[in-house]
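Survey of secondary and tertiary structure
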Amino acid sequence: MDKIYSELIQAKKIVIAGHIRPDGDCVGSCTALYQYLKLYKDEMGIQQIDVYLEPFGSELMILGGTDEIIHSYDSDEVYDLFISLDSGSIDRLGNAIKYFNSAKKRINIDHHISNNRFADVNHVVADASSTCEVLFDIMDENKITKEIAASLYVGIIHDTGVFKHSNTSEHTMMIAGKLISKGIDFSRLIDESFYSKTYVQNQILGRCLMESILVLDGKVVIASIDRRMLDFYQAAPSDTDGIIDQLRVTKGVEVAVFIYETKSHEYKVSLRSNGEINVSKIAVFFGGGGHIKAAGYTMIGTLHDVINNLLTHIDAQLIKQA
Ligand code: 5GP
Ligand code: MN
C-alpha cells in the first residue's frame, strides 16, 4: 500500500484503464478511483487524470464520471503513472497497452486469481469479490463520497451477482453496509445497472435459452450467438450480459457456457461453474483467465472447434471428480 501511495505522490499525469469489453466492476472501479483521486488532485499536485475504457452498456452510464471517460485511443499522451484496474493480464488492457508501455510507472490493482503481476507495483487480492472491494480497502473511508460509494457498490453487485456468488464474503457485506451508509440509492443502482434489460436484450436472452444444448449427462449447458444474429438485433456484446447467469441456474448443471462470435471465426467464451470444476484452469489453458467459478477466453476457429475443445477439458475434470 505504501508503494501505491509513493507512486501517486510522485505522479503529475495519471491514466486509469480497465479491461476490454468493460463490465460493471471494471467501470465501477475506474470511475470510483477517478472520482477519488480528483479529491486529492490539488493536495497531491496531480495535473491530469484520464480514464480510458472501451464503450460499455448504457446501464452503467448512471455512474459519476462516466461521461468523462475517453473511448478513443488516438492521443499519444505519455503519463507518469498508469493504473490498471480489474485486468488479469496486459493483453486484457486492449488499446490502452500503448499508454501502459509509455508510462513511467505502472500499478496493477485486481482480484483475478490468474493475474500474472505484470506491473511495477501489483496489488492483487484473489479472494476479494471484486476490484471495487480491493479499492475500498485502500481508500480512506471518510473521503468516500456518495458518488464514489455508488461506483464501488455497482462494481461489487455486478461481480457478486448481487451478493449471491461464492466470492461474496462477510467482508464484502460489511463494505456494502458502509457504502449504503453513504446514502446511495442501492435499490435503484441494482435495478438500473443489473436487472433492467432492454426489449432486444430480452429477445436475445430468450433465443439463446431456446437454442441452448444440454450435454455430458446434463452437466453442461451451452448457448451461443453468432455475428449474424447479433447484427440482426443490432446488438452490442454487452447486450448479452446476464445470459450466462440464467444458463448457470439450470438444474443439474455443473458448468454453463456462453459463446458469442466477436468476428469471423473468433469466439468469446464465458464459463461459470456451480460445483468443483475449476473453469479458470480451462480458460488459462486457452489463453484466457478469470476466477475458479467464473472465467473466459477468446478462441479462433469454428464454433464446433470451440465446443469440441472445451468439452474435452470439462469432461476430463468431470472424470477426475467421479
Ligand atoms: P465473463 O465471462 O463475464 O466475460 O468473465 C468472467 C471472468 O473471467 C471475469 O473475471 C473476466 O475478467 C475473466 N475473463 C473473461 N474473459 C477473459 C479473457 O479473455 N482473458 C482473461 N485473462 N480473463 C477473462
Ligand atoms: Mn472484477
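Under the counting rule described, the total for this entry stands at 2 cavities of 30 Å³ or more. Around the largest cavity sit 13 residues that line it, and I4, Y5, L8, L33 and I138 are the ones nearest its centre. Counting only elements with at least two residues in the lining of the largest cavity, the list comes to α1 (2–10), α2 (24–44), β4 (105–110) and α4 (131–138). When its residues are assigned to classes, the lining of the largest cavity shows 13 nonpolar, no polar and no charged. Lining the second largest cavity, in full, are G18, H19, I20, Y52, L53, E54, Y73, L93 and A96. Split by residue class, the lining of the second largest cavity holds 6 nonpolar, 2 polar and 1 charged.

Coordination of the manganese ion (ligand 2) by the protein involves D25 (OD), D86 (OD), H111 (NE2) and D159 (OD), with metal-donor separations of 2.2 to 2.4 Å. Within one chain, the residues donating to the manganese ion (ligand 2) are spaced in sequence as D-x60-D-x24-H-x47-D. With D86 in the loop between β3 (81–85) and α3 (97–102) and D159 in helix α5 (residues 146–160), the pair connects residues that are 73 residues apart, well separated along the chain. For the residue pair D86 and D159, the accessibility class agrees, reading buried in each case.

One turn of an α-helix holds 3.6 residues; hence residues three or four places apart share an orientation. The terminal C-alpha atoms of α5, which comprises 15 residues, lie 21 Å apart, in line with the 21 Å expected from a rise of 1.5 Å per residue. Counted residue by residue, α5 has 13 buried out of 15 residues, so it is predominantly covered. Phi turns positive, to about 60°, at G161, one or two residues after α5.

Entries for the protein chain in the domain assignment read domain 1 (2–195) and domain 2 (199–321). Inter-centroid distance (C-alpha atoms) of domain 1 to domain 2 is 26 Å. Contacts between the two partners involve 10 residues from domain 1, matched on the other side by 16 residues from domain 2. Buried surface at the junction of domain 1 and domain 2, both sides included, amounts to about 940 Å², of which 48% is carbon and sulfur. Looking at the side of domain 1 facing domain 2, the largest losses of area belong to R21, I113 and S114, adding up to 45% of the total buried there. Across the contact surface, domain 1 and domain 2 share 0 salt bridges. At the junction of domain 1 and domain 2, the tally comes to 3 residue pairs in polar contact (both at pLDDT 80 or more). In terms of residue class, the side of domain 1 that touches domain 2 is built from 1 nonpolar, 6 polar and 3 charged.

Rules used throughout
Residue numbers run consecutively from 1 along every chain, following the written order of its sequence. Here every chain gets a letter starting at A, and every ligand a number starting at 1, in the order they are written. With the structure being a predicted model, the display of local features is reserved for residues of pLDDT at least 70 and the display and counting of side-chain atom pairs for 80 or more, all residues being used for whole-chain, interface and lining totals. Only hydrogens and water are set aside; all other atoms, that is, all heavy atoms of the structure, feed into the side-chain values. A cavity here means a set of points on a 1 Å grid, drawn over the protein atoms and nothing else, where a 1.4 Å probe fits but cannot get out; a pocket is an open set with protein on both sides within 12 Å along at least five of seven lines, and a residue lines either one if it has an atom within 4 Å of a point. Grid points are joined across faces, edges and corners, and a volume is the space filled by probe spheres set on the points. Counting from the N terminus, the helices are the DSSP runs of H or I reaching at least four residues and the strands are the DSSP runs of E reaching at least two. Under the scheme applied, nonpolar residues are Ala, Val, Leu, Ile, Met, Phe, Trp, Tyr, Cys and Pro; charged residues are Asp, Glu, Lys and Arg; polar residues are all the others, including Gly. Note that water is not among the atoms used; donors are N, O and S atoms within 2.8 Å of the metal (3.2 Å for Na, K and Ca), so sites may look incomplete. The cut-offs for exposure are 20% and 50% of the maximum accessible area for each residue type, with area from a 1.4 Å probe on protein chains only; residues under the lower value are buried, those over the upper are exposed, and the others partly exposed. By this rule, a helix spans an expected 1.5 Å times one less than how many residues it contains. Domain borders in the structure are assigned automatically or taken from a domain database. Residues count as neighbours in contact if any of their non-hydrogen atoms are within 4.5 Å of one another. Buried area adds together the accessible area that both of two parts lose upon being put together, with accessible area traced by a 1.4 Å probe. Take a side-chain nitrogen of Lys or Arg and a carboxyl oxygen of Asp or Glu: if they are within 4 Å of each other, that pair is a salt bridge. Residues adjacent in sequence count toward polar contacts only when both atoms are side-chain atoms; beyond that, a polar contact is any pair of N or O atoms within 3.5 Å, and within protein one must be able to donate a hydrogen and the other to accept it.

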